[in-house]
Amino acid sequence: MGKLSDLIFSATNFVANKIQRPAVILLYHRVTDLSADPQELAVSPANFDAQLQHLQSSYNVLDADRFLHYVKAGKPFPERSVLVTFDDGYADNYLEALPIMTQRATPALFYITTSKLNTSKEQWWDDLERVLLTGRPLPAALSITINGVAHHFNTATAATTRDAYYDLQAILRFCAPDVIDQAMQYLYTWAGCDGEGRPTHRMMTFDELKAMAASKYVRIGCHTHRHPAVGMLPYAQQLQEIGQSKEILESLLQERMQHFSYPFGGRKFLGSKRYYNADSIKACRELGLEMVCANYYGQVHTWSNPFALPRILVRDWPADVFRQKMERFFKL
Ligand SMILES: [Zn+2]
């Protein structure tokens with residue numbers, strides 16, 4: 001967004017938050033220490049602990065059931081309400097985040113993408129990092145055809161390979177799951193590696209997910225089967241991707257799924273490339289989902305669309321930065 005639209009957006013939020021006290025939904029992905037994190041998805045356990053401590057002392061952290069109750073009732077939230085959510089289903093959610101949440105008695109809602117649960121495979125954006133950015137010797141150039149378009153990258157140095165990684169990431173996030181799988185297979189051959197993932201980047205096992213779901217601090221929601229930008233898919237495929245994750249989770253956990261979040265989920269789009277659209281909302285309704293989160297900056301009010309609620313991405317912020325950000329989130 002440009003400077004002027006930023007200003008208008010902030011002013012609009014400020015006025016909305018003056019009219020009605022807002023609630024804020026926080027979005028996390030991982031809680032762990034990583035040696036490299038090009039997507040900035042991980043919060044360190046120490047920072048996560050400090051963040052939860054601050055939330056417990058200064059905010060009203062609702063669990064997913066209470067949050068859903070206010071969304072469905074169309075009632076204003078209690079003062080300074082916060083919902084903590086996680087996307088994707090990384091193993092560290094169970095191994096590192098849950099013990100801290102339990103210690104701090106803080107509930108959270110975990111949206112799980114199902115295709116790589118219980119496997120050693122990585123999500124494709126991590127896999128792309130593993131192939132390109134973990135120091136293996138690579139050919140000096142990469143030519144790859146994606147959706148019929150030929151792309152050429154210089155992979156002769158660490159800096160150019162890093163650029164190639166970010167470019168490929170931006171291209172693949174708008175591709176259908178089969179196209180992403182084909183591109184990754186091509187890259188394995190090109191780089192001379194296989195599809196075996198790193199233990200540091202795996203998803204939960206079925207047993208870990210079941211143990212997680214049994215915690216009184218945890219609610220589970222779905223996040224598609226293969227993590228496509230659903231807005232790029234025809235309605236039938238959206239229904240299939242969202243429905244498959246819902247079915248797998250319901251049969252594994254023996255509980256009904258009420259929650260869903262859009263993969264990527266930004267409201268911004270490039271031309272015809274969208275993370276979600278009216279068909280996505282229709283598919284969620286059709287599947288009986290009750291609350292759906294997106295991933296664009298904003299606060300939740302009684303007039304917010306329950307099928308595209310805004311969320312605010314939390315980075316690896318130390319306590320003082322997190323405190324300032326939270327104050328701002330409740331105003332702007
Ligand atoms: Zn995701």
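In this convention, every chain numbers its residues from 1, walking through the sequence in written order. Totals for whole chains, interfaces and linings use every residue, but because this is a predicted model, local features are given only for residues with pLDDT of at least 70 and side-chain atom pairs only at 80 or more, for both listing and counting. For the side-chain quantities, the full set of heavy atoms in the structure was used; hydrogens and water were omitted.

Draft legend 1. Empty space enclosed by the protein, seen in detail. A cavity here means a set of 1 Å grid points, computed over protein atoms only, where a 1.4 Å probe fits but cannot escape. A pocket is an open set with protein on both sides within 12 Å along at least 5 of 7 lines, and lining residues have an atom within 4 Å of a point. Grid points are joined across faces, edges and corners, and a volume is the space filled by probe spheres set on the points. A full pass over the atoms with the stated rule returns one cavity of 30 Å³ or more. Roughly 50 Å³ of internal volume is contained in the largest cavity. If you go around the largest cavity, the residues you meet are Arg 30, Leu 34, Ala 36, Asp 37, Pro 38, Gln 39, Leu 41, Asp 126, Glu 129 and His 201. Amino acid classes used here: Ala, Val, Leu, Ile, Met, Phe, Trp, Tyr, Cys and Pro are nonpolar; Asp, Glu, Lys and Arg are charged; the rest, including Gly, are polar. Here the residues of the lining of the largest cavity are counted per class, giving four nonpolar, two polar and four charged.

Draft legend 2. Representation of the domain arrangement of the protein chain within the structure. An automatic or database domain assignment provides the domain bounds reported here. Structurally, the protein chain comprises domain 1 (22–119 + 202–329) and domain 2 (124–191). Of note, the centres of domain 1 and domain 2, computed from C-alpha atoms alone, are 28 Å apart. At the interface, 19 residues of domain 1 touch 14 residues of domain 2. Between domain 1 and domain 2 lies a buried interface of about 1,500 Å² when both sides are counted; carbon and sulfur atoms form 58% of it. When the area that domain 1 buries against domain 2 is broken down by residue, the three leading residues are Pro 38, Gln 39 and Arg 226, summing to 36%. Any Lys or Arg side-chain nitrogen found within 4 Å of a carboxyl oxygen on Asp or Glu counts as a salt bridge. Remark: the boundary between domain 1 and domain 2 carries one salt bridge. The closest approach of N and O atoms between Asp 178 and Arg 226, which form a salt bridge, is 2.9 Å. Pairing of N or O atoms within 3.5 Å defines a polar contact, subject to two protein rules: one partner must be a possible hydrogen donor and the other a possible acceptor, and residues neighboring in sequence count only if both atoms are side-chain atoms. For the pair domain 1 and domain 2, the number of links is six residue pairs in polar contact (both at pLDDT 80 or more). In the side of domain 1 that touches domain 2, the residues fall into eleven nonpolar, two polar and six charged. Contacts are assigned to residue pairs that have any heavy atoms within 4.5 Å of one another. Buried area: the accessible area, evaluated with a 1.4 Å probe, that two parts lose upon being put together, summed over both parts.

Draft legend 3. Representation of the coordination of the zinc ion. We call an atom a donor if it is N, O or S and sits within 2.8 Å of the metal, or 3.2 Å for Na, K and Ca. Water is not counted, so some sites may look partial. Protein-derived ligands of the zinc ion are Asp 88 (OD), His 223 (NE2) and His 227 (NE2), with the metal-ligand distances lying across 2.1 Å. The sequence pattern describing where the donors of the zinc ion fall on their chain is D-x134-H-x3-H. On the criterion of sequence distance, the pair formed by Asp 88 in strand β5 (residues 81–88) and His 227 in the loop between β9 (218–222) and α9 (235–253) is long-range, its members being 139 residues apart. A run of DSSP states H or I qualifies as a helix once it reaches four residues; a run of E qualifies as a strand once it reaches two. Both are numbered from the N-terminal end.

Draft legend 4. Expanded view of the nonpolar core. Side-chain atoms within 4.5 Å are what join buried Ala, Val, Leu, Ile, Met, Phe, Trp, Tyr and Cys residues into a set we call a nonpolar core. The buried label goes to any residue with under 20% of its type's maximum accessible area, the exposed label to any with over 50%, and the partly exposed label to all in between, with areas taken from a 1.4 Å probe on protein chains only. Grouped together as the largest cluster of nonpolar side chains are 84 residues, with contacts concentrated most on Leu 26, Phe 48, Leu 55, Ile 220 and Tyr 262. A per-element tally of this core places helix α7 (residues 177–191) first, with eight residues. By size, the runner-up hydrophobic cluster in this structure holds 16 residues, among which are Leu 68, Leu 109, Tyr 111 and Val 300.

Draft legend 5. Structural view of α9. An ideal rise of 1.5 Å per residue puts 27 Å on 19 residues; α9 measures up with 27 Å between its terminal C-alpha atoms. Of all the residues in α9, the buried ones are Gln 238, Glu 241, Ile 242, Gly 243, Ser 245, Lys 246, Leu 249, Leu 252 and Leu 253. Where the residues of α9 are buried, they touch β6 (108–112), α7, α8 (206–213), β9, β10 (259–261) and α10 (278–286). In this analysis, the expected span of each helix is defined as 1.5 Å times one less than the number of residues it contains.

Draft legend 6. Summary view of the packing of aromatic side chains. In summary, the pairing rule links any two rings of Phe, Tyr or Trp, Trp by its six-membered ring, whose centres are within 6.5 Å, and it sorts them by plane angle into stacked for under 30 degrees, edge-to-face for over 60 and tilted for everything else. In total, this model carries 17 aromatic pairs according to the counting rule given. With a centroid separation of 5.5 Å and an interplanar angle of 40°, the aromatic rings of Tyr 70 and Phe 77 are classed as tilted. Comparing Tyr 70 with Phe 77 shows no difference in burial state: the two are buried. Ring plane angle 70° and centroid distance 6.3 Å describe the contact between Trp 125 and Phe 264, whose orientation is recorded as edge-to-face. Remark: Phe 264 occurs in the loop between β10 and α10 and Trp 125 occurs in helix α5 (residues 124–133); sequence separation between them is 139 residues. Accessibility assignment for this pair places Trp 125 and Phe 264 in one class, buried. A cation over a ring is seen here: Arg 80 above Tyr 59, with NZ or CZ 4.2 Å from the ring centre. Criterion for a charge above a ring: Arg CZ or Lys NZ at most 6 Å from the ring centre, at most 35 degrees from the ring normal.

Draft legend 7. Representation of the packing of α5 against helix α6 (residues 158–172). The contact between α5 and α6 brings their axes to 10 Å, and the two run at 160°. Between α5 and α6, the crossing angle belongs to the class labelled roughly antiparallel. In this structure, α5 meets α6 at a crossing whose hand is right-handed. Contacts between α5 and α6 pair Trp 124, Trp 125, Leu 128, Glu 129, Leu 132 and Leu 133 from the former with Thr 161, Arg 162, Tyr 165, Leu 168, Gln 169 and Leu 172 from the latter. A per-class count over the contact of α5 with α6 returns eight nonpolar, two polar and two charged. Only the stretch in contact is used when a helix axis is fitted, and all axes are lines through C-alpha atoms; the angle between N-to-C directions ranges over 0 to 180 degrees. Orientation labels follow simple angle bins: below 35 degrees gives roughly parallel, above 145 gives roughly antiparallel, 65 to 115 gives roughly perpendicular, and whatever is left gives oblique. Two helices cross in a left-handed way if the nearer one is turned anticlockwise from the farther one by less than a right angle. They cross in a right-handed way if the turn is clockwise.

Draft legend 8. Geometry of unusual backbone geometry. A positive phi angle, close to 75°, is found at Thr 224, a residue other than glycine. Within the secondary structure, Thr 224 sits in the loop between β9 and α9. A positive phi angle, near 65°, is found at His 227, a position not held by glycine.

Draft legend 9. View of α10. Every buried residue of α10 is accounted for by Ser 280, Ile 281, Ala 283 and Cys 284. Here the buried residues of α10 occupy an arc of 160° about the axis, which is enough to place them on one side. Opposite its buried face, α10 presents the exposed residues Ala 278, Arg 285 and Glu 286, each directed more than 90 degrees away. Packed against the buried residues of α10 are α9, β10 and β11 (291–293). At the N-terminal end of α10, a side-chain oxygen is found 3.0 Å from the backbone nitrogen of Asp 279, two or three residues along, and the residue is Asn 277. Note on α10: the residue one or two positions beyond its end, Gly 288, has a positive phi of about 80°. In this description, the arc belongs to the directions extending from the helix axis to the C-beta atoms.

Draft legend 10. Representation of the environment of Leu 253 in the model. Secondary-structure assignment places Leu 253 in helix α9. The residues contacting Leu 253, other than those within four sequence positions of it, are Leu 209, Lys 210, Ala 213 and Ile 220.

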